[in-house]
Amino acid sequence: MPKRPVNSHRAYHAHVYFGPQTVGQARALTDEAGRLFAIAVGRLHEANVGPHPCWSRQIAFSSEVFDKLVPWLDEHRNGLDILVHALSGDEIEDHTEFAYWLGNEYPLDLSALKG
């Protein structure tokens, strides 16, 4: 059973994974999250970036919105898979120990990260 997201850090990223058929859905979800929660939304990466094995779009947010944003993402993701992880200063721990999945879990390329 996957770990449920826990609000125990000051800052987070959520990476919404998508493919060619779901790019519009991912754009709409992340744009709406940015608008509703006044949070930073990154570029749509239509290529694998960093440790991510899928196309993705990053959302950056603080612990102040975590408890509202993460359940909202889970409710509105409509089949998209989302990695939520802490920003502790240790990229390896952030993407392993402090990583949570909404939907399916994917293996990450940890060689792209710094500990």
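Please refer to the structure higher up on the page.
S.K.: So, the packing of helix 1 (residues 23-37) against helix 2 (residues 63-76): which residues are in play, and what are the values?
M.R.: Think of two packed helices as two axes; the pair is described by the angle between the axes and how far apart they sit. Running from amino to carboxyl end, helix 1 crosses helix 2 at an angle of 150 degrees, the nearest separation of the two axes being 11 Å. Taken together, the axis directions place helix 1 and helix 2 in an arrangement best described as roughly antiparallel. Pair helix 1 / helix 2 crosses with right-handed handedness. Here Leu29, Glu32, Ala33, Leu36 and Phe37 of helix 1 lie close against helix 2, whose contacting residues are Val65, Lys68, Leu69, Trp72, Leu73 and His76.

S.K.: Which residues make up helix 1, and what values go with them?
M.R.: Counted at 1.5 Å a residue, the expected span for helix 1 with its 15 residues is 21 Å, and the 21 Å between its end C-alpha atoms agrees. Residues of helix 1 that are buried include every one of Val23, Ala26, Leu29, Thr30, Ala33, Gly34 and Phe37, and no others. Here the buried residues of helix 1 occupy an arc of 130 degrees about the axis, which is enough to place them on one side. Ala38 sits one or two residues past helix 1 and shows a positive phi near 50 degrees.

S.K.: Residue-level account of the sheet that holds strand 5 (residues 99-102), with values.
M.R.: Spatial ordering of the open sheet is given by 2-3-1-4-5, a layout of 5 strands whose pairing is antiparallel. Bordering the open sheet on either side are strand 2 (40-45) and strand 5, each of which pairs with just one other strand. Going across the sheet, the axis of each strand differs from the next one's by a mean of 20 degrees, ignoring polarity. For strand 1 (residues 11-18) and strand 4 (residues 81-86), the ladder comprises 6 bridges, and the chain directions are antiparallel. Among the inter-strand pairings, Tyr12 is bridged to a residue of strand 4, identified as Ala86. Strands strand 1, strand 3 (55-62), strand 4 and strand 5 of the sheet are contacted by helix 2, whose axis makes an angle of about 145 degrees with strand 3.

S.K.: Outline the packing of aromatic side chains, listing residues and values.
M.R.: In this structure the tally under the stated criterion is 8 aromatic pairs. Where Tyr12 meets Phe66, the ring centres are 4.6 Å apart and the plane angle is 50 degrees; that geometry is what we call tilted. Linking Tyr12 in strand 1 with Phe66 in helix 2, this pair joins segments that are 54 residues apart in sequence. The residues Tyr12 and Phe66 share a single accessibility class, namely buried. Each ring, one from Phe61 and one from Phe66, has its centre 6.2 Å from the other, and the planes form 35 degrees; the classification is tilted. Since its relative accessible area comes to 3%, Phe66 is described here as buried. Grouping aromatic residues by their ring pairs yields a cluster made of Tyr12, Phe61 and Phe66.

Conventions adopted
Each chain has its residues counted from 1, following the order in which its sequence is written. Restriction of local features to residues with pLDDT of at least 70 applies here, the model being predicted, together with a cutoff of 80 or more for giving and counting side-chain atom pairs; totals for whole chains, interfaces and linings are based on all residues. By convention in this description, side-chain values take in all heavy atoms of the structure and omit both hydrogens and water. Each axis is a line fitted through C-alpha atoms, taken for helices only over the stretch in contact, and angles between the N-to-C directions span 0 to 180 degrees. Comment: elements are numbered from the N terminus, with helices defined as DSSP H or I runs of at least four residues and strands as E runs of at least two. Roughly parallel means an angle under 35 degrees; roughly antiparallel, over 145; roughly perpendicular, 65 to 115; everything else is oblique. When the near helix sits turned anticlockwise from the far one by under a right angle, the crossing is termed left-handed; a clockwise turn instead gives a right-handed crossing. The contact criterion used throughout is that any non-hydrogen atoms of two residues lie within 4.5 Å. Multiplying 1.5 Å by the helix residue count minus one yields the expected span of that helix. Relative accessibility decides the category of a residue: with a 1.4 Å probe and only protein chains considered, values under 20% of the type maximum give buried, values over 50% give exposed, and everything between is partly exposed. In this description, the arc belongs to the directions extending from the helix axis to the C-beta atoms. Here the rule is simple: two strands pair whenever DSSP picks up at least two bridges between them. Here a Phe, Tyr or Trp ring, Trp counted by its six-membered ring, pairs with any other such ring whose centre lies within 6.5 Å, and the pair is stacked when the planes are under 30 degrees apart, edge-to-face when over 60, and tilted otherwise.

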